[in-house]
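# Commentary on secondary and tertiary structure
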Amino acid sequence: MSDLEFGLDTFGDVPEDDAGKPVTHAAAIRQVVEEAVLADDLGVDVIALGEHHRPEYSVSTPETVLAGIATRTSRIRLASGVTVLSSDDPVRVFQRFATVDALSNGRAEVILGRGSFTESFPLFGYDLRDYDVLFEEKIELFAKLLEEKPVTWSGSVRAPLENADVFPKTESGHLNTWVGVGGSPQSVVRTAHYGFPLMLAIIGGSPERFAPYIDLYRRAAGEFGTTAHPVGMHSPGFIADTDEQAKELFWPHYRVMRDRIGKLRGWPPIRREEFDSEVAQGSLYIGSPETVARRMAGAIRSLGVGRFDLIYTAGAQPVSARMRAVELYGSKVIPMVRDILAG
């Protein structure tokens with residue numbers, strides 16, 4: 001699997017400094033840039049920044065941070081993970097990512113999604129009752145914009161366009177575009193309909209349970225006559241020098257974040273036993289480089305994916321521990337996974 005790709009994902013979680021004090025949102029954004037520069041130096045294929053509008057996260061405009069990263073890196077691809085298209089304007093999304101593409105000499109990628117959080121909808125004046133139609137219409141328009149020709153379009157959620165030409169154009173004439181899906185069969189079929197690559201958000205439970213979605217994507221692409229691209233997956237994890245160190249760095253901060261979100265969604269507080277089970281056999285890739293590499297290789301092999309993105313931040317892990325996690329991922333985990341899969 002020589003064409004297998006590896007990425008790192010973050011929402012710009014606000015970390016603690018090494019004295020245990022949360023840093024500012026501004027410092028958290030600068031920290032993400034430093035982590036991306038390190039990932040670039042280590043040969044990681046992609047850095048993906050997710051859009052959020054909550055106090056725990058610093059990245060609300062991924063493409064702005066990606067533009068900053070573009071000027072300090074030379075080869076790593078620059079993605080969103082995800083851009084909440086439903087509460088944004090497709091024309092502006094295209095323009096902003098085409099701009100990142102220019103600054104990075106063609107390294108921009110957009111991963112479109114409906115969003116697993118809903119803060120952006122009231123923030124930008126959208127009604128959650130329109131959740132489905134907003135994405136349906138906007139992805140249709142975005143697909144037309146990707147042709148980089150004058151666009152005529154009309155729908156119910158945005159002003160119509162009549163022979164509208166949108167600038168800047170990309171230099172290559174192609175902006176890499178994925179769709180991030182959390183487990184809706186309809187979303188998988190829609191992605192295949194437009195011929196976009198599929199990125200599966202696998203954040204809990206056994207990764208093997210997502211195999212039917214990959215099969216559905218390939219079958220739907222065959223029926224639509226579109227291309228079934230290599231599928232990507234992204235899952236949370238954390239790497240330290242030993243298994244125990246990784247778990248103890250990750251767990252306390254993860255528990256706070258997970259319970260804060262869980263309270264909003266009616267989930268019971270997470271128990272340490274659940275966490276340990278997810279680390280052992282679920283979708284938390286936490287441990288030493290050897291442990292994480294072995295588990296990643298198992299998931300990649302069982303699902304046959306072409307890209308694995310590790311969400312390397314989940315809570316306020318200390319800055320130094322985050323940098324070490326990125327370093328170990330690029331220098332040790334990725335080569336180990338390649339060796340295991342080649343064996």
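Residue numbers restart at each chain and count upward from 1, following the sequence in its written direction. Confidence filtering applies because this is a predicted model: local features only for residues at pLDDT of at least 70, side-chain atom pairs given and counted only at 80 or more, and all residues used for totals across whole chains, interfaces and linings. Excluded from the side-chain calculation are hydrogens and water; included are all heavy atoms of the structure.

## Let's talk about the layout of surface pockets
Rule in force here: Here a cavity denotes grid points, spaced 1 Å and computed from the protein atoms alone, that fit a 1.4 Å probe unable to get out, and a pocket denotes an open set having protein on both sides within 12 Å along at least 5 of 7 lines; residues with an atom within 4 Å of a point are the lining. Grid points are joined across faces, edges and corners, and a volume is the space filled by probe spheres set on the points. The helix and strand labels rest on DSSP assignments: H or I over at least four residues marks a helix, E over at least two residues marks a strand, and numbering proceeds from the N terminus. Residue polarity is assigned by list, with Asp, Glu, Lys and Arg as charged and Ala, Val, Leu, Ile, Met, Phe, Trp, Tyr, Cys and Pro as nonpolar; anything else, Gly included, falls into the polar class.
The space that makes up the second largest pocket amounts to roughly 360 Å³. Here the lining of the second largest pocket takes three residues from strand β8 (residues 176–181), the largest share from any one element. Tallied by class, residues from the lining of the second largest pocket come to eleven nonpolar, seven polar and five charged.

## Considering the nonpolar core
Keep this limit in mind: Throughout, nonpolar core names a set of buried Ala, Val, Leu, Ile, Met, Phe, Trp, Tyr and Cys residues whose side chains join them through atoms within 4.5 Å. Partly exposed residues are those whose accessible area sits between 20% and 50% of the maximum for their type, while under 20% is buried and over 50% is exposed, using a 1.4 Å probe and protein chains only. Throughout, a contact is declared for two residues whenever any of their heavy atoms are within 4.5 Å.
Residues F6, L8, F142, M296, F308, Y329 and V337 are the most contacted members of the largest nonpolar core, which totals 78 residues. Look past the residues within four positions of F308 in its chain and what remains in contact with it is E5, F6, G7, M233, S235, Y285, M296, I300 and Y329. Grouped together as the second largest cluster of nonpolar side chains are 20 residues, F117, W251, Y254 and I261 included.

## Examining empty space enclosed by the protein
According to the stated counting rule, one finds one cavity of 30 Å³ or more in the structure shown. By volume, the largest cavity amounts to about 40 Å³. Along the walls of the largest cavity sit F94, L145, E148, K149, D165, V166 and K169, which together make up its complete lining. When its residues are assigned to classes, the lining of the largest cavity shows three nonpolar, no polar and four charged.

## Some words on the packing of aromatic side chains
Think of a pair of aromatic rings as described by two things: how far the centres are apart, and how the planes are tilted against each other in angle. Our working rule: Aromatic rings from Phe, Tyr and Trp, with only the six-membered ring used for Trp, were paired whenever their centres fell within 6.5 Å, and each pair was classed as stacked if the ring planes differed by under 30 degrees, edge-to-face if by over 60, and tilted otherwise.
Inspection of the entire model under this criterion finds eleven aromatic pairs. Plain terms: the ring middles of Y194 and F196 are 6.0 Å apart, the flat faces sit at 25° to each other, and that makes the pair stacked. With relative accessibility at 22%, the residue Y194 sits in the partly exposed group. Both rings, one in W251 and one in F275, keep their centres 4.9 Å apart while their planes meet at 40°; by these two values the pair is tilted. On the criterion of sequence distance, the pair formed by W251 in helix α8 (residues 243–265) and F275 in helix α9 (residues 272–281) is long-range, its members being 24 residues apart. Both residues of the pair, W251 and F275, belong to the buried class. Among the aromatic residues, those joined into a ring-pair cluster are F238, F250, W251, Y254 and F275.

## As for the packing of helix α3 (residues 90–103) against helix α5 (residues 131–145)
As a reminder of what qualifies: For helices, the axis comes from a line fit to the C-alpha atoms of the stretch in contact; other axes are also lines fit to C-alpha atoms, and the angle between any two N-to-C directions lies between 0 and 180 degrees. An angle below 35 degrees is treated as roughly parallel, one above 145 as roughly antiparallel, one from 65 to 115 as roughly perpendicular, and anything else as oblique. Helix crossings fall into two classes, left-handed where the near helix is turned counterclockwise from the far one by less than a right angle and right-handed where it is turned clockwise.
The interhelical angle for the contact between α3 and α5, taken along N-to-C directions, is 40°, at an axis separation of 9 Å. With respect to α5, the element α3 is oriented oblique. Where α3 crosses over α5, the two elements pack in a sense that is right-handed. Counted together, P90, V91, V93 and F94 of α3 and K138, L141, F142 and L145 of α5 form the full contact between these two elements. The class makeup of the residues in the contact of α3 with α5 is seven nonpolar, no polar and one charged.

## Some remarks on the pattern of salt bridges
Note the cut-off: Whenever Lys or Arg places a side-chain nitrogen within 4 Å of a carboxyl oxygen from Asp or Glu, that contact is recorded as a salt bridge.
Applying the stated criterion across every chain yields a total of 25 salt bridges. Residues R307 and E109 are paired through a salt bridge, measuring 3.0 Å at the closest nitrogen-oxygen approach. Of this pair, R307 sits in strand β12 (residues 307–311) while E109 sits in strand β5 (residues 108–113), and the two are 198 residues apart along the sequence. An identical accessibility class is assigned to R307 and E109; each is buried. Each of E5, R77, E109, R307 and D309 takes part in salt bridges that share partners, so that together they form one network.

## Considerations on α8
Condition: The span expected for a helix works out to 1.5 Å for each residue beyond the first. Throughout, the bend at a residue refers to the angle made by two axes, fitted to the seven residues ending there and to the seven starting there.
Between its terminal C-alpha atoms α8 stretches 30 Å, which fits the 33 Å expected from 23 residues at 1.5 Å a residue. Taking the largest bend as the criterion, α8 deviates by roughly 35°, centred on W251, and proline P252 comes between one and four positions later. For α8, the full list of buried residues reads A246, K247, F250, W251, H253, Y254, M257, R258, I261 and G262. Residues of α8 that are buried sit in contact with β10 (232–239), α9 and β11 (285–287). Of the residues trailing α8, G266 is marked for its positive phi of about 80°.

## Re the packing of α8 against α9
Helix-helix packing: each pair is described by the crossing angle between the helix axes and the interaxial distance. At a minimum axis distance of 11 Å, the contact between α8 and α9 shows a crossing angle of 120°. Judged by the inter-axis angle, α8 sits oblique to α9. For the pair α8 and α9, the crossing hand works out as right-handed. Only R272, E274, F275, D276 and V279 of α9 make contact with α8, whose side of the interface consists of K247, E248, F250, W251, Y254 and R258. Tallied by class, the residues present in the contact of α8 with α9 amount to five nonpolar, no polar and six charged.

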